[in-house]
Amino acid sequence: MAAESPISDRKVVVHLRATGDAPILKQTKFKIAGNDNFCKVIEFLRRQLRRDTLFVYVNSAFSPNPDELVIDLYNIFALWSLYTCDKLVVNYASSMAWG
Amino acid sequence: MELCSKEAVKYVWEGAIPLQIHLHESEVTTLPPPPPILVLGSRIGYLPLLVPLIKPHFSSTLPPGTDTVWFDYKGLPLKWYIPTGVLFDLLCAEPERPWNLTVHFRGHPGDVLTPCEGEDSVKWSYINSLKEAAYIINGNCKNVMNMSQADQLELWQSLVKGNMDGYLRISSRLKLGPLGEDCIVRSASSSAQPRQAIGEPDFTGSGRPCRIPVRLYVRNISEDLDDLEDAVPIDNWDRISYINRPVEIHKEEGHLSFKCAMKTLLPKIFFEEPLVDDHEFLREGETVGADSSYGDSETIGGSWNAQAEEIPFAGQPQVQLLKKSKIKMIRIQGIELDMDIPFFWVVNNLKNPEYFLHICVFIGTSTDQSTFR
């Protein structure tokens, strides 16, 4: 899908991983439009897990601003990491994991 | 020119915006209404940090209830995680002194703005931005994560209090700068290596391009505007293009000017003489979207170019874009920069304490409504 669609529609593969005692999702890989804000990922997780208190991180490292565009995060953090290759790894926890 | 000037950094740390804060009329319960309060907002600080100064002034007139503080400028709710100086540079095309803001203690617009729950929220946002910057510079943020709690707290407190020396002392241990023109992070002394495991991806000095954390805010104003005071105020954050994209520099480039760095960030928009060299731009256009393999920094920029192109221009995309847009002004820390300044000087001296360089770009367009991405 990503190869044929115009760049403005490019979707980013997001890999959602639970941390600590946070519930694990049945499906962990999703595609989201690059133009969407990171807050869409956060809201999606909140709806799926039915929780308001969630700490969401990228690459087990830090929490981006909800304003960040997914495509920007992908370009910075997915492409440059030797370990995650072509997807944006998003970790979520019910309590602060990397404070 | 020395690349890192303590004097310049001191100017930045001492920079402040004179603010005149009015309580929103819906929250005034006394007659006469309280006068606005005059406060100096540190450029590198954040608006919520001023609440302890502001609240006592208004607390006797507030209606009963719990507070969630937020600010607005001409109706636009202000994003509290953007440094005060950046908000001022971006939203006040013509600097307004004092800057008139409205404070609210109730009625937080949750759909537009994430709530700020006091100093801890701001600290959390700051530390996360610092980690993000460390990740961009080093390929990992271990240096920040390995900081002791005491150090993290002291770093934060030195920012809150405007204590530059304290801040420089602790932040130097992170070894995130200053950057030399060879893209190597210079340390003040030849002390022990940073505590990063050997064999971990390390982007400095290994032949990979070095990356500088940048937050770019692009605002469109009418091209025919003679007086910045007449610029249409921003009423919605969608009118501003926020781009979080690092500047990638290859070691061979050496003496990189600020102009060249800006070209890598905004290649389609940034030019000096309109329509002089069509061929150059057509060549650029040819590389767009050609090869989407990663590890190729040109293509990462290329993919962004194509995105900018997708938006409203049909027919001859590049040429039309050249006609329609022009850089009106670029502001960093309130300064309109000379484009020939060495980029590394700009980064080392004008960056914010979380190691991001915040750049406000004003673009003159014939259509006010368009945004650039």
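Residues numbered from 1 in each chain as written. Chains lettered and ligands numbered in written order. Predicted model: local features only at pLDDT ≥ 70, side-chain atom pairs only at ≥ 80, totals over all residues. Heavy atoms only, no water.

**Q** Explanation requested: the UniProt feature "domain: Autophagy protein ATG5 UblA" (unreviewed entry) in chain B in the structure shown.
**A** Cross-referencing UniProt, the feature "domain: Autophagy protein ATG5 UblA" (unreviewed entry) maps to residues 12–105 of chain B in the present numbering. Helix makes up 20% of residues 12–105 of chain B and strand 28%, whereas the separation of the span's terminal C-alpha atoms amounts to 30 Å. (UniProt positions renumbered as here; feature names shortened; annotations may be inferred. Helix = DSSP H or I, 4+ residues; strand = E, 2+ residues; numbered from the N terminus.)

**Q** Would you explain the sheet that holds strand β2 (residues 29–33) of chain A in this entry?
**A** Note: strands within a sheet are paired through backbone hydrogen bonds, in either parallel or antiparallel orientation. Residue and element names in this part refer to chain A. Here we have four strands laid out as an open sheet, ordered β2-β1-β4-β3, and mixed in their pairing. Only two strands of the sheet have a single partner each, and these edge strands are β2 and β3 (55–58). For this sheet, the mean inter-axis angle between neighbouring strands, taken without regard to orientation, is 35°. Of the pairings in the sheet, the one linking strand β1 (residues 11–18) to β2 comprises five bridges and is antiparallel in character. Note that in β2 the partner of Lys-11 across the bridge is Ala-33. The strands touched by helix α2 (residues 70–78) are β1, β2, β3 and β4 (88–93); relative to β4, the strand with the most contacts, the crossing angle is about 105°. (Pairing = 2+ DSSP bridges. Axes fitted to C-alpha atoms, helices over the stretch in contact; angles between N-to-C directions. Contact = heavy atoms within 4.5 Å.)

**Q** Just checking my understanding: could you explain the sheet that holds strand β2 (residues 37–42) of chain B for this structure?
**A** Residue and element names in this part refer to chain B. Read across the open sheet, the five strands follow the order β2-β1-β5-β3-β4; overall the sheet is mixed. Two strands close off the open sheet at either side, each with one partner strand: β2 and β4 (76–77). Pairing between strand β3 (residues 70–73) and strand β5 (residues 99–104): three bridges, direction antiparallel. From the neighbouring strand, Asp-72 faces β5, where its bridge partner is Thr-102. Of the strands in this sheet, β1 (16–23), β2, β3, β4 and β5 are in contact with helix α3 (residues 84–91), which crosses β5 at around 120°.

**Q** Would you explain the packing of aromatic side chains in this entry?
**A** Ring pairs (aromatic) are described by centroid distance and by the angle formed between their planes. Taken as a whole, this structure holds 11 aromatic pairs over all chains when the rule is applied. Within the aromatic cluster, the residues linked to one another by ring pairs are A:Phe55, A:Tyr57 and B:Trp124. The cationic tip of B:Arg215 hangs over the ring face of B:Phe356; the distance from NZ or CZ to the ring centre is 3.7 Å. (Phe/Tyr/Trp six-rings, centres within 6.5 Å; stacked < 30°, edge-to-face > 60°. Lys NZ or Arg CZ within 6 Å of the ring centre and 35° of its normal.)

**Q** Any chance you could explain the packing of helix α4 (residues 119–138) of chain B against helix α6 (residues 149–161) of chain B here in plain terms?
**A** Two quantities define a packed helix pair, namely the angle between the axes and the distance from one axis to the other. Residues and elements named next belong to chain B. Contact geometry for α4 and α6: axes closest at 11 Å, N-to-C directions at 110°. Considering the angle they form, α4 stands roughly perpendicular to α6. Only Gln-152, Leu-153, Leu-155, Trp-156, Gln-157, Leu-159 and Val-160 of α6 make contact with α4, whose side of the interface consists of Glu-119, Val-122, Lys-123, Tyr-126, Ile-127 and Leu-130. Along the lines of polarity and charge, the residues of the contact of α4 with α6 split into nine nonpolar, two polar and two charged. (Parallel < 35°, antiparallel > 145°, perpendicular 65-115°, else oblique. Nonpolar A, V, L, I, M, F, W, Y, C, P; charged D, E, K, R; others polar.)

**Q** Is there a simple way to explain a negative patch on the surface in this structure?
**A** A surface patch of like charges, here negative, comprises B:Glu94, B:Asp224, B:Asp226, B:Asp227, B:Glu229 and B:Asp230. Residue placement: B:Glu94 occurs in the loop between α3 and β5. (Patch = residues over 30% accessible without salt bridge, like charges linked within 9 Å, V, L, I, M, F, W, Y side chains within 5 Å. Areas by Shrake-Rupley, 256 points an atom, 1.4 Å probe, with all protein chains shown as cover. Salt bridge = Lys/Arg side-chain N within 4 Å of Asp/Glu carboxyl O. Lys, Arg positive; Asp, Glu negative; His and termini not counted. Charge placed at Lys NZ, Arg CZ, Asp CG, Glu CD.)

**Q** Before we go on, may I ask you to explain the environment of B:Asn163 in this structure?
**A** Residue and element names in this part refer to chain B. You can see Asn-163 is positioned in the loop between α6 and α7 (164–171). On the accessibility criterion, Asn-163 (37% relative accessible area) is partly exposed. Counting along the chain gives 14 residues from Asn-163 to Gly-177, while the straight-line C-alpha distance between them is 19 Å. Asn-163 has contacts with Trp-13 and Ser-158, leaving out every residue within four places of it along the chain. Within the local environment of Asn-163, its side chain forms a polar contact with the backbone nitrogen of Gly-166, the two atoms lying 3.0 Å apart. (Buried < 20%, exposed > 50% of the residue type's maximum accessible area, 1.4 Å probe, protein only. Polar contact = N/O pair within 3.5 Å; in protein donor to acceptor, adjacent residues only side chain to side chain.)

**Q** Which parts of the structure should I look at to understand the pattern of salt bridges?
**A** Think of it this way: side chains of opposite charge can pair up when their charged atoms draw near. One pass over the structure, following the stated rule, counts 12 salt bridges over all chains. We note a salt bridge from B:Lys79 to A:Asp67, for which the minimum N-O separation is 2.6 Å. Highlighted residues: B:Lys79 in the loop between β4 and α3 and A:Asp67 in the loop between β3 and α2, drawn from two different chains. Taken individually, B:Lys79 and A:Asp67 each receive the classification buried, so the pair is uniform in this respect. B:Arg106 serves as the salt-bridge partner of B:Asp67, at 2.4 Å between the closest nitrogen and oxygen. In this pair, B:Asp67 is assigned in the loop between α2 (51–58) and β3 and B:Arg106 in the loop between β5 and α4, connecting sequence segments 39 residues apart. A relative accessible area of 28% means that B:Asp67 is categorised as partly exposed. One salt-bridge network, in which partners are shared between bridges, spans A:Glu68, B:Glu132 and B:Arg215.

**Q** I would appreciate a short explanation of the confidence of the model for chain B in the present structure.
**A** As a general rule, the predicted coordinates of low-pLDDT regions are not to be interpreted in detail. All names here are of chain B. For chain B, per-residue confidence averages 78 on the pLDDT scale, and residues scoring 70 or more make up 74% of the total. For residues 188–205, every residue scores under 50 in pLDDT, and the model assigns this stretch 24 contacts once sequence neighbours within four places are set aside. Throughout residues 273–323 the model reports pLDDT below 50, and contacts reaching past four residues in sequence, or to other chains, amount to 65 contacts. Model confidence for the complex: the whole-complex pTM is 0.78, and ipTM, which rates the interface, is 0.71. (pLDDT = per-residue confidence, 0-100.)

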